[in-house]
Amino acid sequence: GTEALAAGLMRTCASTATGNVWCWGGRGFTNRVTSLGAEPQLVPGLAFPRALAAANEGHFALTADQVVAWGNPLQVPIGFESESEILVPRPVPGL
């Protein structure tokens, strides 16, 4: 079953009892973000988050020892130098 749910303007993510995180939804306001579509897509490299949060096109998770983010580089924390979507969650600098 679903353990946690985070809904942003364009996308939604959910964590499951098995520890996986899945996201789905459409393209946002910029062309930097890949359309996930209606079918949930597994978020690689993230398991058993303690909490999830979502912005328009950015996603965040609290793990046992850090905060990670992925999605539109314009909507995730400063310090993520990328021109394209961040597909694998990265630790948030300074947290």
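To be clear, the structure that these remarks concern was listed above.
The rules we used
Residues numbered from 1 in each chain as written. Predicted model: local features only at pLDDT ≥ 70, side-chain atom pairs only at ≥ 80, totals over all residues. Heavy atoms only, no water. Helix = DSSP H or I, 4+ residues; strand = E, 2+ residues; numbered from the N terminus. Contact = heavy atoms within 4.5 Å. Buried < 20%, exposed > 50% of the residue type's maximum accessible area, 1.4 Å probe, protein only. Pairing = 2+ DSSP bridges. Axes fitted to C-alpha atoms, helices over the stretch in contact; angles between N-to-C directions. Core = buried A, V, L, I, M, F, W, Y, C linked by side-chain atoms within 4.5 Å. Disulfide = S-S within 2.5 Å.

Draft legend 1. Inspection of the side chain of H59 at higher detail. With respect to the element layout, H59 can be found in strand β6 (residues 58-62). Residues contacting H59, with those up to four places away along its chain left out, are R11, C13, A53, A54, V68, A69, W70 and G71.

Draft legend 2. Quick peek at the environment of A4. Assignment of secondary structure puts A4 in strand β1 (residues 2-7). Relative accessible area serves as the criterion here: at 23%, A4 is assigned to the partly exposed category. Between the C-alpha atoms of A4 and P49, which are 45 residues apart in sequence, the distance is 8.9 Å. Setting aside residues no more than four positions away along its own chain, A4 makes contact with C13, A14, S15 and L52.

Draft legend 3. Just the sheet that holds strand β7 (residues 67-71), in detail. Pairing is antiparallel in the open sheet, where four strands are placed in the order β5-β6-β7-β8. For this open sheet the edge positions go to β5 (51-54) and β8 (86-91), each flanked by a neighbour on one side alone. Mean inter-strand twist for the sheet, computed between neighbouring axes without regard to direction, equals 20 degrees. The pairing of β7 with β8 spans three bridges and is antiparallel. Each residue of the ladder has a partner; that of V68, found in β8, is P91.

Draft legend 4. View of unusual backbone geometry. Even without being a glycine, F48 presents a positive backbone phi close to 50 degrees. Summarising the element assignment, F48 is placed in the loop between β4 (37-42) and β5.

Draft legend 5. The nonpolar core, seen in detail. With 11 residues, the main nonpolar core is built from A6, C13, V21, C23, V43, L46, L52, A61, V68, W70 and I86. When residues of this core are traced back to their parent elements, those giving at least two are β3 (21-25) and β7.

Draft legend 6. Up close: the state of the cysteines. Summed over the entire model, instances satisfying the criterion amount to one disulfide. For C13, the disulfide goes to C23, at an S-S distance of 2.0 Å. Taking the torsion about the S-S bond as the criterion, the C13 to C23 disulfide, at about 105 degrees, is right-handed. Of this pair, C13 sits in strand β2 (residues 11-16) while C23 sits in strand β3; the two residues are 10 residues apart in sequence, bridging distant segments of the chain. Here the two residues C13 and C23 agree in accessibility, since each one is buried.

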